[in-house]
Amino acid sequence: MTPLPFTGLIVMPIVLPALTAAVLVLAFRYRLDLQRIVSVGAAALLLAVAIALYASARDGDVQPYALGNWPAPFGITLVLDRLSATMVLLTALVGLAVTLYAITGWDRRGRHFHPLLQFQLMGLSGAFLTGDVFNLFVFFEVMLIASYALMLHGGGARRLKAGLTYVAINLIGSTLFLFAVGVIYAVTGTLNMADLAAKVATVAPADEALLRTGALLLLLVFALKAALVPLHWWLPGAYAAAPGPVAAMFMLMTKVGAYAILRVYTLVFGVDAGAVANVASPWVVPAALLTLALGAAGVLASRSLTALACFSVVWSMGSLLTAFGLFDFGGIAAGLYYLLHSTLAGAALFLLVDLVAGVRDGAADRIVPTPALPQGALFAGLFFVAGIAVAGLPPLSGFVGKLLLLDATGSAPGAAVIWTVVLATSLAVILGFARAGSTLFWKTAPGPAVPARPGRAAMLPTVVCIAVLGATALLAAFAGPVTAELDATARQLLDTAAYRRAVAPVQSAAMPSGGTP
Amino acid sequence: MELLVAAGIGLLTAVGLYLVLRPHSFTMIVGTVFLSYAVNLFLFAMGRLTLDRPPLVDAGATSYADPLPQALVLTAIVISFGMTALAVVLALRGFLETGSDRVDGGRPDPEPAPTDRAGEAP
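Note that the coordinates shown come from a computational prediction; the quantities given were computed from them, not determined experimentally.

Draft legend 1. Molecular detail of the pairing of strand E2 (residues 77–80) of chain A. Residues and elements named next belong to chain A. Of the two faces of E2, the one lined by Thr77 and Val79 and the one lined by Leu78 and Leu80 are each fully buried. The pairing of strand E1 (residues 63–66) with E2 spans four bridges and is antiparallel. Within E2, the residue paired with Ala66 across the bridge is Thr77.

Draft legend 2. Spotlight on unusual backbone geometry. All names here are of chain A. The step from Val229 to Pro230 runs through a cis peptide bond, and the omega angle for that step is 5°. Of note, Pro230 is situated in the loop between helix H8 (208–225) and helix H9 (234–241). Residue Pro395 is bonded to the preceding Pro394 through a cis peptide linkage, with omega at 15°. Inspection of the secondary structure puts Pro395 in the loop between helix H14 (376–391) and helix H15 (397–409). Positive phi is not limited to glycine here, since Asn278 has a value of about 55°. Within the element layout of this structure, Asn278 appears in the loop between helix H10 (244–267) and helix H11 (281–301).

Draft legend 3. Empty space enclosed by the protein, seen in detail. Under the definition given, this model contains four cavities of 30 Å³ or more. Empty space within the largest cavity amounts to approximately 110 Å³. Lining the largest cavity are 15 residues; nearest its centre among them are A:Leu171, A:Ser174, A:Thr175, B:Ser36 and B:Ser80. For the lining of the largest cavity, the secondary-structure elements that each account for two or more residues are helix H5 (133–151) and helix H6 (157–188) of chain A together with helix H2 (25–45) and helix H3 (68–98) of chain B. Tallied by class, the residues present in the lining of the largest cavity amount to eight nonpolar, six polar and one charged. As a volume, the second largest cavity reaches approximately 80 Å³. Forming the boundary of the second largest cavity are 13 residues, of which A:Ser312, A:Ser316, A:Ser342, A:Gly346 and A:Val390 lie nearest the centre. Looking at the lining of the second largest cavity, the elements that each hand over two or more residues are helix H12 (305–324) and helix H13 (329–359) of chain A. Counting residues per element, the lining of the second largest cavity draws most heavily on H13(A), at seven residues. Of the residues contributing to the lining of the second largest cavity, the split by class is eight nonpolar, five polar and no charged.

Cut-offs applied
- Residues numbered from 1 in each chain as written.
- Chains lettered and ligands numbered in written order.
- Predicted model: local features only at pLDDT ≥ 70, side-chain atom pairs only at ≥ 80, totals over all residues.
- Heavy atoms only, no water.
- Buried < 20%, exposed > 50% of the residue type's maximum accessible area, 1.4 Å probe, protein only.
- Helix = DSSP H or I, 4+ residues; strand = E, 2+ residues; numbered from the N terminus.
- Pairing = 2+ DSSP bridges.
- 1 Å grid on protein atoms, 1.4 Å probe; cavity = no way out; pocket = protein on both sides within 12 Å on 5 of 7 lines; lining within 4 Å.
- Points joined across faces, edges and corners; volume = space filled by probe spheres on them.
- Nonpolar A, V, L, I, M, F, W, Y, C, P; charged D, E, K, R; others polar.

Function cannot be inferred from these measures alone, as they are strictly geometric.
Right under this line is the structure:
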């Protein structure tokens with residue numbers, strides 16, 4: 001057992017970004033240089049905290065933390081287990097990369113980039129750590145509000161239009177979330193996940209239909225966040241309009257949806273849920289297969305690099321949820337590996353697209369030939385590597401992820417269909433990337449070469465992009481130890497009894513509600 | 001009482017859904033406001049409808065009203081208020097920058113023809 005330095009460390013991934021954001025706004029409002037220093041420092045500190053949390057969670061104990069020392073289910077419980085620690089670690093990694101990338105220019109194009117990014121990190125960490133459904137809603141809103149402002153960072157009519165659509169769809173999503181929470185509370189009288197897990201199995205037969213409605217409404221909300229077809233159409237517009245580093249950070253926003261599906265539908269509505277057991281199973285895999293097909297079609301049809309990256313995100317969410325949708329040990333372990341891979345590869349791709357669009361002047365991110373670019377060989381090489389990683393060719397992590405996915409689905413019902421869709425869409429994605437890459441970097445339009453602009457040739461963004469790509473290579477190189485860790489994570493996640501024992505909600509003698517007088 | 005509350009929530013939701021599906025940002029925002037009113041009432045009702053029961057410990061009480069929904073509703077109100085304010089600002093900025101408040105990507109509505117002042121029409 002690696003004890004935490006102090007038990008309150010669990011709240012640090014939430015408190016640290018919140019305090020940093022407040023300090024940035026209040027003390028360094030007009031000092032961008034100081035903002036950058038504090039922001040990078042806080043992101044590095046968050047990474048250190050995340051590593052400490054992961055080291056502590058590795059021993060396999062579920063560690064609950066009762067906020068305000070109110071016992072569950074009366075207070076809000078934060079829960080640190082391997083899954084939440086992994087997700088927080090991933091968030092901190094991407095957060096640091098995005099912060100470093102942004103300090104070379106993006107944070108100058110509008111105000112308050114750094115505080116908003118910190119609030120986003122706070123919302124993400126909170127959503128991963130909480131053990132309470134309503135608290136999950138609150139952290140969803142925290143990260144959404146930050147994401148609205150980040151997406152509009154830099155302004156412009158196109159961004160505003162896409163932003164309003166994004167805000168509208170999420171407002172409706174939040175309303176649905178509240179309806180779902182309301183139904184579930186009305187039936188069970190609790191919102192603590194561990195307590196819910198104990199109570200859903202024993203609901204009165206008359207309430208089963210209501211509970212099922214609530215559970216499926218909740219699935220709808222999470223699927224909206226995870227961009228599962230047919231709820232995916234907001235994603236390409238929103239991510240394409242967002243600035244490059246923000247889009248890279250948004251890679252985690254879709255993963256929150258996938259995480260929530262995984263957590264709620266194994267712990268609360270899993271195999272032990274009585275009448276509502278496995279309520280999500282019939283829906284997730286078919287929708288994920290549709291997502292795969294639609295994402296791949298989008299990749300083939302893209303006319304700009306940004307659209308290509310967006311649809312490859314939709315496609316990778318399809319792969320991810322195909323694995324999670326099995327809700328068994330193999331599927332979850334494979335899905336977790338794919339989650340790590342797709343987050344890093346997608347973030348690298350968005351950063352790269354931003355870099356390439358930056359040097360291409362007029363053509364920006366459209367897939368059309370241009371005169372020879374300065375550093376063209378470097379960008380071409382990076383795009384080649386990113387394409388290999390995202391599309392899932394050997395030797396990078398996408399290939400390992402796909403192999404694990406195919407292995408996990410081999411014995412599932414409908415394995416032939418799943419394999420066909422996964423492999424066919426992979427081919428389509430490879431074709432899409434090959435087409436874009438050859439048009440962009442091989443074909444050159446006649447004309448004078450684009451001059452290198454001295455002011456823009458900062459090294460740091462390229463280095464960050466290479467580092468994130470390097471992380472996917474590391475993920476492939478150390479696939480053995482990583483999958484061993486993730487296997488343990490999946491095993492812990494499926495051991496819901498241990499989670500319930502650890503949180504140990506106090507059993508109230510009688511529910512205070514009692515119908516109409 | 002149940003019928004009245006349920007019908008009220010249903011009506012608010014229906015109105016909200018209809019308005020949200022309209023192609024203009026203003027009606028869309030009003031629609032989300034209606035939806036959030038509906039969901040706030042719904043959250044209140046989720047603790048069951050009761051009359052004259054204390055929410056906290058009272059020696060003479062035989063049963064209690066559920067004290068939790070009001071806390072949840074308060075949180076939901078604050079969040080939806082903030083969200084609505086942000087959406088209004090966004091819609092306004094979008095309208096000022098693009099000259100159109102359509103959210104469905106359709107063509108902007110034609111400018112209304114300048115009307116003649118009453119009584120001076122030929």
